[in-house]
Amino acid sequence: MVASIFSNHERGGKILLGVIALGLVVVPFCNLVVSPESTFHISTFTVTLLGKYLCYALLALALDLVWGYVGILSLGHGAFFALGGYAMGMYLMRQIGSRGVYGDPVLPDFMVFLNWDQLPWYWYGFDHFWFAALMVLLVPGFLAFVFGWLAFRSRVSGVYFAIITQALTYALMLAFFRNEMGFGGNNGLTDFKDLLGANLQSDATRVTLFSVSALALAAGYFLCRYIVTSRLGLVLVAIRDAEDRTRFLGYRVNYYKLWIFTLSAIMAGVAGALYVPQVGIINPNEFQPLNSIELVVWVAVGGRGTLYGAALGAGIVNYAKSTFTTLLPEVWLFVLGGLFVLVTVALPKGLAGIAGRIKSFQHG
Amino acid sequence: MKRVASTEPRYTCRFWQVLALFLVGAMTIPADEVVAQSLDDALESLIAADSYPEKQIVIETISTIDDPRALIALEALLEGQLYTTRQDQSLVIAESVDRGYQIRDFLTDEDLGRVGRRDVSRISVNNSLRGVLRGLLATSGLEDDDPRQRRLAVIEIGHSEDLSMLEVLQARRDQESNGSVLRAMDVAEATLKLDSDDEEERLTSIIAVSSIVDSHVRTKLTRLSTNESVSPTTRQAALDALESIEDRVENFEILKTVFFGLSLGAVLVLAAIGLSVTFGIMGVINMAHGELIMLGAYTTYVVQQVFPNLIDYSLFIALPIAFLISGSMGMLIERTIVRALYGRPLETLLATFGVSLILQQAVRSIFTPLNRAVSTPSWMSGSLEIVSGLEITLNRLCVLGFSVLVFVILLFVLRRTRFGLQMRAVTQNRQMAKAMGIRTNRVDTLTFGLGAGVAGVAGVALSQLTNVGPNLGQAYIVDSFLVVVFGGVGNIWGTLVSGLTLGVANKLVEPALGAVMAKIFVLVFIIIFIQRRPRGLFPQKGRAAEA
């Protein structure tokens, strides 16, 4: 059983890392060095799009860690992603300074618009990058810790956990839609100018962000891979497959679950923080329950419990989404819905499972 | 409610008008010149009239002419829309558009296009004429065939501050048979008499209005209580009356909040009760539940489109159809998807979510993404006035009653029918039920169909309260799951109690926190509650709890 979980994953992981490394060399080169007239030129738009996919892949990786290896289905991981994004967005907002429409040196435009006369206390510190970066890790991590602590301690699991995580992201969405919250209401945070002094519109910044996202994905993969192949990973899989038995063996199941859930939330937060400067906006729609559920499909399509499969699934589904929503917007939800049904009923192991099946077929 | 005793003689309405006309007419100009018989003649004299008293006589004449256009003319005059053209002095109705007027011929209703500001002149009225006009219009409203219109006219009169209207009201009272109009008349009379000069009468009417919740009455009472020229007794009486009104308002506010809460709770119960069958009893997560509700709502829309003449019966026609449509869709989902995934709840959740996306998009493609208008049957529209100031909207009351009815029927099916018995048997011990000869697969399908059908029926009811659009289902899915989980899975009593509780709780905290924060508050409350009691308010006990 245990052996089968790890069989064949090495290769997929290597391919994933290879693709990331290739991307790290080719994309910056083709964007910055190759002249725009050449067929090999990659436009900045494409670079940003690829960077976006990388962030999604990191998010999917985070979910696969908890769902694929510990069996915790979170339907609220989009909330951690969005919180990380908001932390970054707040820093970017403060960097605008007096270049906003109203030209107020301290207050962001939407606060001036709401006639606020001073910065709310929770915006303090976000003018420093290090502080914002810390918050990217701490805010989702803290929320996941508190939420997970309460939930796992009372042994809320399975479907119940899925439903309350959905309620969590739904509640956050409603809260962030409120203007009084001080996060820009339904417009969210946007009109960013620069990050650490670098102009966000410039090609070099975009390529750098892409590269950082790629590195973050690789680092996330290494971290997850390290965890799941360690002794800790074996305990996690044991919890997934037989929670009560693991508990009776003397493992503190709640603590394992809690730490992995928190770590996963932090990874999701980082993904969100890298996502926001690339797409240039963060608004409460990121909290939509639908987003979090869509994320589950990425992982399911790619192959749950394989790590590389999650990243792959995120890439494929999102590519399909971009293609369909531009060409046939009517059809996209049919495709997505069909994917849900198809993958769960016919392909429980996702695309990674197909690869495994072909291989065992050849051997058999 | 007690009627205000009246000492005035009662005339018939028509007689009073004619008398007034005669008196005023006799004082100014020879009567035979203005008492015209036809509307056209009267309007001619209106155009010709060049003083306000003269106009007043003509206006009163017009009001006695039995012609529907007479009322239109008076209304237009009151609104200041009645003009004559400079060219041929013909009467037009004009609406101001930028730098000119859009005019219509009054008699023929023919559109005469746009003219400049100087091409027409307004038939002017002054304040006293406006008062006369309002009175006359209200009087004619009193003769409307629709009691609702009559009631509105009476309320209008009560607000008119015109003591002469008292006689109109009293004259009309004899012919009135509708209770709510009569009550409105009492209020209007008492309100008018607050301005009376007679101390005794004023005191009686203060006591009479002290149970009336009406902003106009309150303003008048406040004015009286601070008026130095009236006696201290009256002032004190006004203060007392104000206080008792305030108390009443406060009590009504609480009652209203509870009612709104119950009505919101009823919506939650309706949305969740089908789910308490599929999720609670079968243990199957059906994320497409909201879309099954949506199908029910669209069924109502289609029924109303197909039978536009039967709007009043449309809900009764739609109920069985919605039950069948959603129910068969549910059985289809069970047969094709849920069955393949028994024992894998998380996968079921994802697959049925896929179905929900497909259903949503299907509806969006067929009916467009826009919200569809579902009309309310006439017997459900309007509101029920329990006592003055406490009104309850009928559609909410109906939905509340309907959700209780659905609950009772469902309870009956589960507890008292053979099918219900089989359903419970399969839930408690599938193997044993099978051994006793129950076709468990069939029971599964039918149970799922029942839950789905109830969702469809809920959709018919919800179509009366919310927008019918492709997102209708999504709006309810999180809520309904929380209601079921909060109430305790597998317990439909729990669903009823938790739905109503959450509804009332939501409305109770709403005034303090605002609508959105109240919703967040309830969500957070449930999240924390589930942490404390993971099996809900009414957990199942015994062996069923292990399943």
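Reading the values: the criteria
Residues numbered from 1 in each chain as written. Chains lettered and ligands numbered in written order. Predicted model: local features only at pLDDT ≥ 70, side-chain atom pairs only at ≥ 80, totals over all residues. Helix = DSSP H or I, 4+ residues; strand = E, 2+ residues; numbered from the N terminus. Rg over C-alpha atoms; globule rule 2.2 N^0.38 Å. Contact = placed C-beta atoms within 7 Å. Buried ≥ 20, exposed ≤ 12 C-beta atoms within 10 Å, placed from the backbone. Axes fitted to C-alpha atoms, helices over the stretch in contact; angles between N-to-C directions. Parallel < 35°, antiparallel > 145°, perpendicular 65-115°, else oblique. Left-handed = near helix turned anticlockwise from the far one by under 90°. Nonpolar A, V, L, I, M, F, W, Y, C, P; charged D, E, K, R; others polar. Core = buried A, V, L, I, M, F, W, Y, C linked by C-beta atoms within 7 Å. Pairing = 2+ DSSP bridges. Expected span 1.5 Å × (residues − 1). pLDDT = per-residue confidence, 0-100.

Colleague: Describe the overall build of chain A, listing the residues and the values that go with them.
Modeller: Secondary structure assignment for chain A yields 15 helices and 4 strands. Whereas a compact globule of 364 residues would reach a radius of gyration of roughly 21 Å, chain A reaches 21 Å, a difference of no more than 12%. In terms of principal-axis extent, the alpha carbons of chain A reach across some 70 × 55 × 40 Å. Within chain A, contacts between residues at least 6 apart in sequence are counted, and of these 77% link residues at least 24 apart.

Colleague: Talk me through the overall build of chain B; I want residue IDs and the actual numbers.
Modeller: Looking only at helices and strands, chain B has 22 helices and 7 strands in total. Taking 24 Å as the expected radius of gyration for a compact globule of 547 residues, we find that chain B reaches 32 Å, considerably beyond that expectation. With 547 residues in all, chain B has 41% of them scored as buried. Counting only contacts in chain B whose residues sit at least 6 apart along the sequence, the fraction spanning at least 24 positions is 68%.

Colleague: Report on the packing of helix 13 (residues 289-306) of chain B against helix 15 (residues 345-367) of chain B, specifying residues and quantitative values.
Modeller: Residue and element names in this part refer to chain B. Where helix 13 meets helix 15, the closest approach of the two axes is 9 Å, and the angle between their N-to-C directions is 25°. It follows that helix 13 is roughly parallel to helix 15 by the angle criterion. Two packed elements cross with a definite hand, and for helix 13 against helix 15 that hand is left-handed. In this structure, helix 13 uses Gly290, Glu291, Met294 and Tyr298 to contact helix 15, whose residues at the interface are Ser356, Leu359, Gln360, Val363 and Phe367. Considering only residue class, the contact of helix 13 with helix 15 consists of 5 nonpolar, 3 polar and 1 charged.

Colleague: How would you explain the interface of chain A and chain B if you had to name every residue and give the values?
Modeller: Of the residues lining the interface, 36 residues belong to chain A; the matching set on chain B comes to 33 residues. Residue assignment for the side of chain A that touches chain B shows that the elements contributing at least two residues are helix 6 (129-153), helix 7 (158-177), helix 12 (289-302) and helix 14 (329-346) of chain A. Looking at which element gives the most residues to the side of chain A that touches chain B, the answer is helix 7 of chain A, with 14 residues. Residue composition of the side of chain A that touches chain B, grouped by class: 27 nonpolar, 6 polar and 3 charged.

Colleague: Lay out the nonpolar core in plain terms, naming residues and giving numbers.
Modeller: Counting residues in each nonpolar core, the largest one holds 201 residues, and the members touching the most others are Leu58, Leu59, Ala60, Leu61, Ala167 and Ala271 of chain A. Looking at this core element by element, the count peaks at 17 residues for helix 3 (residues 44-70) of chain A. If we skip the residues at most four places from it in the chain, Ala60 of chain A touches Leu295, Trp298, Val299, Ala310, Ala311, Gly313 and Ala314 of chain A. By size, the runner-up hydrophobic cluster in this structure holds 29 residues, among which are Ala138, Val168, Ala190 and Val217 of chain B.

Colleague: Account for the sheet that holds strand 5 (residues 120-122) of chain B, naming residues and giving values.
Modeller: Residue and element names in this part refer to chain B. Across the sheet, 5 strands lie side by side as 4-3-2-1-5; this open sheet has antiparallel pairing. With one partner strand each, in any of the chains shown, strand 4 (111-115) and strand 5 form the two edges of the open sheet. Averaged over all adjacent pairs, the angle separating strand axes in this sheet is 40°, with direction ignored. Direction of pairing for strand 2 (residues 91-97) relative to strand 3 (residues 100-105): antiparallel, over a ladder of 6 bridges. Paired with Ala94 across the bridge in strand 3 is Ile103.

Colleague: Mind laying out the pairing of strand 3 of chain B, listing which residues take part and the relevant values?
Modeller: Residues and elements named next belong to chain B. Connecting the antiparallel pair strand 2 and strand 3 is a turn made up of 2 residues, with Arg99 showing a positive phi of about 60°. In the sheet, strand 3 pairs with strand 4 via 4 bridges, with the strands oriented antiparallel. Residue pairing across strands places Gln102 opposite Arg114, the latter belonging to strand 4. Adjacent in sequence and paired antiparallel, strand 3 and strand 4 are bridged by 5 residues, among which Asp109 carries a positive phi angle near 65°.

Colleague: Which residues make up helix 11 (residues 253-279) of chain A, and what are the values?
Modeller: Residues and elements named next belong to chain A. Here helix 11 spans 39 Å end to end across 27 residues, near enough to the 39 Å set by a 1.5 Å rise per residue. Among the 27 residues that make up helix 11, 21 are buried, leaving the element largely enclosed by the rest of the structure. Just downstream of helix 11 lies Gly280, where phi reads positive at about 80°.

Colleague: Just give me the short version of helix 15 of chain B, but keep the residues and values in it.
Modeller: Residue and element names in this part refer to chain B. The terminal C-alpha atoms of helix 15 lie 32 Å apart, and with 23 residues this matches the ideal 33 Å at 1.5 Å per residue to within 8%. Extensive coverage of helix 15 is indicated by the burial of 17 of its 23 residues. Phi turns positive one or two residues past the end of helix 15, at Thr368, with a value near 70°.

Colleague: I'd like a description of the confidence of the model for chain B, backed by residues and values.
Modeller: All names here are of chain B. The predicted model of chain B has a mean per-residue pLDDT of 81, with 91% of residues at 70 or higher. Confidence, read as mean pLDDT per element, is least for helix 2 (residues 31-34) in chain B (45) and greatest for helix 13 (93). Scored below 50 in pLDDT, residues 1-13 makes 24 contacts in the model with residues more than four places away or belonging to other chains. Here residues 25-36 scores under 50 on pLDDT; set against residues more than four positions off or in separate chains, the count is 18 contacts.

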